[in-house]
Amino acid sequence: MTPSDFFRHTLSLAINGRGFVSPNPEVGCVIVKNGKIIGEGWHTHYGGAHAEVNAIKNAEENGESVAGSTVFVSLEPCAHTGKTPPCAELLVQKQVKEVFIFFSDPNPLVAGKGIKILQNAEIALTQAPPDLQKKYAFFYEPFQKYITTKTPFVTGKIAKSANGKTGIAGKSIILSGAEAKNFTYGLRQQHDAILVGVNTVLIDNPHLGVRGTSKYTEEYGDNAVFMNSFDKKQYRDPIRIILDPHLKSPFTAHIFRDENFLVVTQEVHKKTAETQWGSNKILTLPVLKDERFDIPSLLKKLGEMGIASVLVEGGSTTLQLFLDAKVLDQLIEYETPEIITHINAISAPKHCGTLWKEISAGKDVIKIWNGFCL
């Protein structure tokens, strides 16, 4: 295996922590000695041991010494004591010979400090070549945004017909097929929260869960193809956020099936909402003149709650709020071959994004847009 192969392998390990480590980043680590992998690991859950610790433990449990080894890690080893001790110091203590770092850590608490510790210990350091970093830069974009701005990375999702319609007003309609649905489960798994407007709750009564599908796939063309299997112990549903300024959501809706939700409403409805769901399930915000929430204020509040990424999943009006506020980082569009000609057909939101990737998913085409104009 080449260094590039080992780098890619760190990401395939890191993704095993997706959905469990936030607001920390997903990190993978591979330890190589005499040309073979002797240990590997990833950050498994928030507050748990980091990837380097788990990789060293894996090697030592197999009777291998990591002294004199080469370590590949997807993100710069941490240099501060948080939930766990500094990984950079651990690598020094274990007398590794060389460390290959895929990406520097944008966290101001780390930001080169881990590299400095390794350099001071005269451990050889190599960073991934710029072309490889550019190819996989998407992997840490959500963490980079959250750790530097304290606001969540925002992904929008919409399904639309071949003639640019997302549905029919007041009517529940399913456009995308089974393959796109499985892609959606993976998309949900990688976000901390799923957000919908109250009209989606009233019309579709959605579940908004991962549903424990046996597999999901993330495919980004030639950038990466990761397959991750998970069972009921390995997946988790993101928190469900409902924008409900006038408290119209039925108390029996599927989104309230367990305690994993947050209702955003106005102060005037706070007492009623708290009586129904409890104070820790309610976030109050003022509305603007058009009776809609101020989206930047909402994202600031969510960031303060430790929510590092949000998937805006429904519907067109809600997604338009995020587009108008110029806070969308990524848009996933499912384009289906169907045509909707109903007089009450809803047009898909217009945007100024740049097409990044296009993926076939059964009868649908999934388009991933980013680089939205500010």
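Residues numbered from 1 in each chain as written. Predicted model: local features only at pLDDT ≥ 70, side-chain atom pairs only at ≥ 80, totals over all residues. Heavy atoms only, no water.

Caption draft 1: Highlighting unusual backbone geometry. Cis peptide bonds are those with omega within 30 degrees of zero, and the linkage from S22 to P23 qualifies with 10°. Topologically, P23 is positioned in the loop between α1 (3–14) and β1 (28–33). Residue G314 is joined to G315 through a cis peptide bond whose omega torsion reads -10°. Turning to its location among the elements, G315 is positioned in the loop between β14 (309–314) and α11 (316–324). Positioned with a positive phi, N205 is a non-glycine residue whose angle comes to about 45°. Within the element layout of this structure, N205 appears in the loop between α8 (198–204) and β9 (215–219). The exposure class of N205 is partly exposed, given its relative accessible area of 29%. Positive phi, close to 50°, is recorded for L247, a residue that is not glycine. Looking at the secondary structure, you find L247 in the loop between β11 (239–243) and β12 (261–265). (Helix = DSSP H or I, 4+ residues; strand = E, 2+ residues; numbered from the N terminus. Buried < 20%, exposed > 50% of the residue type's maximum accessible area, 1.4 Å probe, protein only.)

Caption draft 2: Summary view of the sheet that holds strand β8 (residues 193–197). Taken in spatial order, the 9 strands of this open sheet run β13-β12-β11-β8-β14-β6-β15-β18-β17, and their pairing is mixed. Every interior strand has two partners, whereas the edge strands, β13 (282–284) and β17 (354–361), have only one. Adjacent strand axes in the sheet meet at a mean angle of 20° when their direction is disregarded. The sheet contact formed by β11 and β12 spans 4 bridges and is parallel. Across the sheet, residue I242 finds its bridge partner in β12, namely V263. (Pairing = 2+ DSSP bridges. Axes fitted to C-alpha atoms, helices over the stretch in contact; angles between N-to-C directions.)

Caption draft 3: Highlighting the sheet that holds strand β4 (residues 98–103). One open sheet accounts for 5 strands, arranged β2-β1-β3-β4-β5; its pairing is mixed. At either margin of the open sheet sits one strand with a lone partner, and together these are β2 (36–42) and β5 (124–127). With strand direction ignored, the average angle separating the axes of adjacent strands in the sheet is 20°. Together, β4 and β5 form the strand contacts of helix α4 (residues 113–120), whose direction differs from that of β5 by roughly 145°. (Contact = heavy atoms within 4.5 Å.)

Caption draft 4: Fine view of the nonpolar core. The biggest cluster of nonpolar side chains holds 39 residues, and the ones touching the most others in it are I31, V99 and F102. Elements supplying a minimum of two residues to this core: α1, β1, α2 (51–61), β3 (70–75), α3 (87–93), β4, α4 and α6 (141–149). In terms of nonpolar packing, the next biggest core, distinct from the first, is built from 28 residues, V154, L319, L323 and L328 among them. (Core = buried A, V, L, I, M, F, W, Y, C linked by side-chain atoms within 4.5 Å.)

Caption draft 5: Main features of the environment of K367. Mapped onto the secondary structure, K367 falls in strand β18 (residues 364–370). The exposure class of K367 is buried, given its relative accessible area of 16%. Sequence-wise, K367 and N54 are 313 residues apart; in three dimensions their C-alpha atoms are separated by 36 Å. Excluding its chain neighbours within four sequence positions, the residues that come into contact with K367 are L331, I332, E333, E335, L355, K357 and E358. Only 3.4 Å separates the side chain of K367 from the side chain of E335, close enough to count as a polar contact. (Polar contact = N/O pair within 3.5 Å; in protein donor to acceptor, adjacent residues only side chain to side chain.)

Caption draft 6: Representation of the pattern of salt bridges within the structure. This model, assessed by the stated rule, comprises 16 salt bridges. Residues R18 and E26 are paired through a salt bridge, measuring 3.1 Å at the closest nitrogen-oxygen approach. In terms of burial, R18 and E26 fall into one category: buried. Note that E64 is salt-bridged to K36, the shortest N-O span being 3.7 Å. Within this pair, whereas E64 is found in the loop between α2 and β3, its partner K36 is found in strand β2, the two being separated by 28 residues in sequence. Overall, the relative accessible area of 27% leaves E64 in the partly exposed class. Using a relative accessible area of 47% as the deciding quantity, one classes K36 as partly exposed. (Salt bridge = Lys/Arg side-chain N within 4 Å of Asp/Glu carboxyl O.)

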